[in-house]
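# A closer look at the structure
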Amino acid sequence: MAEINVSIGFDQRLAPQDIAGSRAHAAMLSDQGIITPEDNAAIQQGLNQVEAEITSGAFPFRPELEDIHMNVEARLRELIGAPAGRLHTGRSRNDQVATDFRMWVRQACEEADTALADLQQALVDQADRAADMVMPGFTHLQNAQPITFGHHLMAYVEMFGRDRGRFADAAHRMNELPLGAAALAGTPFPIDRRATAQALGFDRPTANSVDSVSARDFALEFLSATAICATHLSRLAEEIVLWCSEGFGFIKLSDAFTTGSSIMPQKRNPDAAELTRAKSGRMIGSLTSLLITMKGLPLAYSKDMQEDKEPTFEAADALMLCLAASAGMVRDFAPQPQAMRAAAARGHITATDLADWLVRELGLPFRDAHHVTGTLVAEADRQSTSLAGLSLETMRAVHDGIHAGVYDVLTLEASVASRTSEGGTAPVRVREAIAEARLRFGLNNAG
């Protein structure tokens, strides 16, 4: 029973939040005349000493006291005596842990935002240097249309920007104070929940005492944002793995973010990317774990809810590690423009440009232009050449309206430069997008 019931091994991470909550609660109790100013002063002094002991590593965590709340309270009583027993007036461990955990998750959202901004900064800076760097854009991992490497990287800036929005939304929605709900029904003591909320940085107290101690959707929302972010990190990691491979060769990672082989001295393995890709499974699993824990619980508090912290802590740790590793890899990798351009030159990647030209110049319906272009692609395959390598005579044999101007749109640079629609890959648009993203996401202008 002791082993299954104890939580101090993991919830000691809530110590800063637990102490902050107790400070605010004690001050409110004193202001409301529920405890004396002398008791409050003793509690505040004792909590300062407890905090110092925890910070220094000297605090005697005791498993028999089960959790961080009882550990702090017991040590406080050893230090200051009877006033420590008055600290728990008007509260329960149920609303206390809900408050501590909300504060911890709120801080985790803020830390995720900071780390995501750093990753965006790394991507934007790389994109700035690669706004003209031609690479193949893929669908189904097949050459589709030419784009620039800068444009491709900016796609991740947008994805991680939405992740920042999700963490900000979660932090805003969870910013209500459960403390004062007590076990589940509130308290008869004349507490001032709004004063405590203000002291702890909450927008307001929670509106329903039962909901206050029952809800863990704030942790679920954090884990949901983490899981979505993890999929984005995994996709970036997958591309880094591909780009580093001999088959692509689009980038090179230094020894700082790769490892060697135990028997193959030529190897440079992108292990940081592979581990980031793998850890997405842990983060997604943490969300699933807590969803399943919560799905069948009646209101209000059940001890099942003690299982909320480990998956949340694990996911937060994995997220921060993967964000740091991803930003490091992005800053570290060296693009290989010649390899990118060579890859873009394969697979008749300007076929859509030819079809668009037939529509603009000859007035063909797009479906007809698509058919003409498909016929010319098949002919180029038969001749083992590119679309630009087909003679004008060959092209005119398929459609007699084609003239020499068609070759102007069949270069990679012309294709990329022509995509000037808002959000397109034309270098001028990419540079505009980079400048706008620096402003919108609060990033530096260079670095």
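Quick look at the structure, then. (Residues numbered from 1 in each chain as written. Predicted model: local features only at pLDDT ≥ 70, side-chain atom pairs only at ≥ 80, totals over all residues. Heavy atoms only, no water.)

## Comments concerning the overall build of the protein chain
Helix and strand content of the protein chain: 19 helices and six strands. A compact globule built from 447 residues would reach a C-alpha radius of gyration of about 22 Å, whereas the protein chain, at 30 Å, exceeds it by more than 25%. With the C-alpha coordinates aligned to their principal axes, the bounding extent of the protein chain is approximately 100 × 55 × 45 Å. Buried positions account for 49% of the 447 residues belonging to the protein chain. Once local pairs closer than 6 in sequence are excluded, the contacts in the protein chain between residues at least 24 apart make up 73%. (Helix = DSSP H or I, 4+ residues; strand = E, 2+ residues; numbered from the N terminus. Rg over C-alpha atoms; globule rule 2.2 N^0.38 Å. Buried < 20%, exposed > 50% of the residue type's maximum accessible area, 1.4 Å probe, protein only. Contact = heavy atoms within 4.5 Å.)

## A word on the packing of aromatic side chains
Aromatic rings considered in pairs are described by the distance between their centres and by the relative angle of their planes. For the structure shown, the criterion picks out 10 aromatic pairs. Centre to centre, the rings of Phe149 and Trp243 are 5.3 Å apart; their planes meet at 75 degrees, and the pair counts as edge-to-face. On the criterion of sequence distance, the pair formed by Phe149 in helix 8 (residues 149-173) and Trp243 in helix 11 (residues 217-244) is long-range, its members being 94 residues apart. For Phe149, a relative accessible area of 0% gives the class buried. With a centroid separation of 5.7 Å and an interplanar angle of 55 degrees, the aromatic rings of Phe167 and Phe222 are classed as tilted. Placement of the pair is Phe167 in helix 8 and Phe222 in helix 11, with a sequence separation of 55 residues. Assessed through its relative accessible area of 1%, Phe167 is described here as buried. Its relative accessible area of 1% is what places Phe222 among the buried residues. One aromatic cluster is present, formed by Phe101, Trp104, Phe218 and Phe313 through successive ring pairs. Its guanidinium or amino end placed over the ring of Phe101, Lys309 lies 5.4 Å from that ring's centre, counting from NZ or CZ. (Phe/Tyr/Trp six-rings, centres within 6.5 Å; stacked < 30°, edge-to-face > 60°. Lys NZ or Arg CZ within 6 Å of the ring centre and 35° of its normal.)

## Considerations on helix 12 (residues 271-294)
The terminal C-alpha atoms of helix 12, which comprises 24 residues, lie 35 Å apart, in line with the 34 Å expected from a rise of 1.5 Å per residue. Along helix 12, the residues that are buried comprise Ala272, Ala273, Thr276, Ser280, Met283, Ser286, Leu287, Leu290 and Met294. Looking at the buried side of helix 12, the elements it contacts are helix 10 (209-214), helix 11 and helix 13 (309-332). (Expected span 1.5 Å × (residues − 1).)

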